[in-house]
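If you want the building blocks of each chain, they are given just below.
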Amino acid sequence: MMTLFEHPGSSNCYKIRLMFALLGVDYACVTFEHAKSHNRSSEFLKQNPRGLVPVLEAEGNYIWDSTAILVYLARRFDGESWLSVDGLAMSRVMQWLALSQSEILHGLMAARHIILGKRRGVLEDAQGLGRVALGVLEDRLQRNNWLASEGPTIADIACYPHVSRAPESGIPLDAYPAMRRWIARVEELPGWVPWTPRAG
Ligand SMILES: N[C@@H](CCC(=O)N[C@@H](CS)C(=O)NCC(=O)O)C(=O)O
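These numbers were taken from a predicted model, which means no experiment stands behind them.

Colleague: If you had to explain the overall build of the protein chain to someone new, which residues and values would you point to?
Modeller: Of regular secondary structure, the protein chain possesses eight helices and four strands. In the protein chain, the order of α-helices and β-strands from amino to carboxyl end is β-α-β-α-β-β-α-α-α-α-α-α. A compact globule built from 200 residues would reach a C-alpha radius of gyration of about 16 Å, and the protein chain, at 16 Å, matches this within 12%. The C-alpha extent of the protein chain, read off along each of the three principal axes, is 45 × 40 × 30 Å. Buried positions account for 48% of the 200 residues belonging to the protein chain. Carbon and sulfur atoms make up 53% of the accessible area of the protein chain, which totals about 9,600 Å². Computed over 21 positive and 21 negative side-chain charges, the inter-centroid distance for the protein chain is 4 Å.

The following block contains the structure:
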């Protein structure tokens, strides 16, 4: 059985819980009570020197970073649909994964954390970056149901958590109708679970 090392409030950990649920694959969880990496044990840090969550223990390996874990799960349990290995199809997924780790993380997530008092920073700068991400996403979604392909891929899973919570970053989604339809589409996927602490 694979083990996910996680923190319940983390959006990056939620991406992995959501992917497991959509794939219908069971897994064990080690939940850290503290959000901060300096509270991690030396045993955990040995496997994951960065100290951040999520980390997935699978087949005797420790895979760190939500993007790497999404890639692993998609290829290990699904084959082609969540992440095709066709060069062009894969590059289309990768560009949205890049957005999820840049403008979405440093924009939407940062703004949300500044508002929640979890980190310092200039709110307007973070929101500005977040709006860049939302603009790019809205443009794509006005012409397509999904980000990288005709159906859902890990690109959608990587971008969805913070985009769906953009209002908590101080950016209402009224101006983004295609995005609101896409959020509803993601939430209608069989197996979808909300971003709440996992029971058990
Ligand atoms: N790019 C990484 C980011 C991981 C990350 O920032 N994890 C946060 C939780 S969302 C964490 O472990 N924070 C602990 C800390 O900052 O000390 C990923 O996608 O996995």
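Colleague: Give me the lowdown on the nonpolar core, citing residues and values where you can.
Modeller: In this structure, L73, M179 and W182 are the most contacted members of the largest nonpolar core, which totals 52 residues. Among the secondary structure elements, those contributing two or more residues to this core are α1 (11-23), β3 (55-58), α3 (66-77), α4 (87-101), α5 (103-116), α6 (123-141), α7 (154-164) and α8 (177-187). Non-local contacts of W182, meaning those with residues more than four positions away in its chain, are made with L141, N145, W146, L147, D156, C159, Y160 and V163. If you look at the next biggest cluster of nonpolar residues, it comprises six residues, including C13, F32, F44 and V53.

Colleague: How would you summarise the environment of C29 if you had to cite specific residues and measurements?
Modeller: Turning to its location among the elements, C29 is positioned in strand β2 (residues 28-31). On the basis of relative accessible area, C29 is assigned to the partly exposed category, the value being 23%. When the C-alpha positions of C29 and L56 are compared, they lie 9.3 Å apart, and in sequence the two are 27 residues distant.

Colleague: An account of the packing of α6 against α8 is needed here, citing residue identities and associated values.
Modeller: Contact geometry of α6 with α8 gives a least axis separation of 8 Å together with a crossing angle of 75°. By the angle between their axes, α6 is roughly perpendicular relative to α8. Taken together, the residues of α8 that come into contact with α6 (itself represented by L134, L137, E138 and L141) are P177, A178, M179 and W182. Across the contact of α6 with α8, the residue classes tally to seven nonpolar, no polar and one charged.

Colleague: Quick rundown of α8? Include the residues and the values.
Modeller: Listed in full, the buried residues belonging to α8 are A178, M179, W182, I183, R185 and V186. An end-on view of α8 places all buried positions within 160° of arc, on one side of the element. The secondary structure elements touched by the buried residues of α8 are α6 and α7.

About the thresholds
Residues numbered from 1 in each chain as written. Predicted model: local features only at pLDDT ≥ 70, side-chain atom pairs only at ≥ 80, totals over all residues. Heavy atoms only, no water. Helix = DSSP H or I, 4+ residues; strand = E, 2+ residues; numbered from the N terminus. Rg over C-alpha atoms; globule rule 2.2 N^0.38 Å. Buried < 20%, exposed > 50% of the residue type's maximum accessible area, 1.4 Å probe, protein only. Areas by Shrake-Rupley, 256 points an atom, 1.4 Å probe, with all protein chains shown as cover. Lys, Arg positive; Asp, Glu negative; His and termini not counted. Charge placed at Lys NZ, Arg CZ, Asp CG, Glu CD. Core = buried A, V, L, I, M, F, W, Y, C linked by side-chain atoms within 4.5 Å. Contact = heavy atoms within 4.5 Å. Axes fitted to C-alpha atoms, helices over the stretch in contact; angles between N-to-C directions. Parallel < 35°, antiparallel > 145°, perpendicular 65-115°, else oblique. Nonpolar A, V, L, I, M, F, W, Y, C, P; charged D, E, K, R; others polar. Arc of directions from axis to C-beta.

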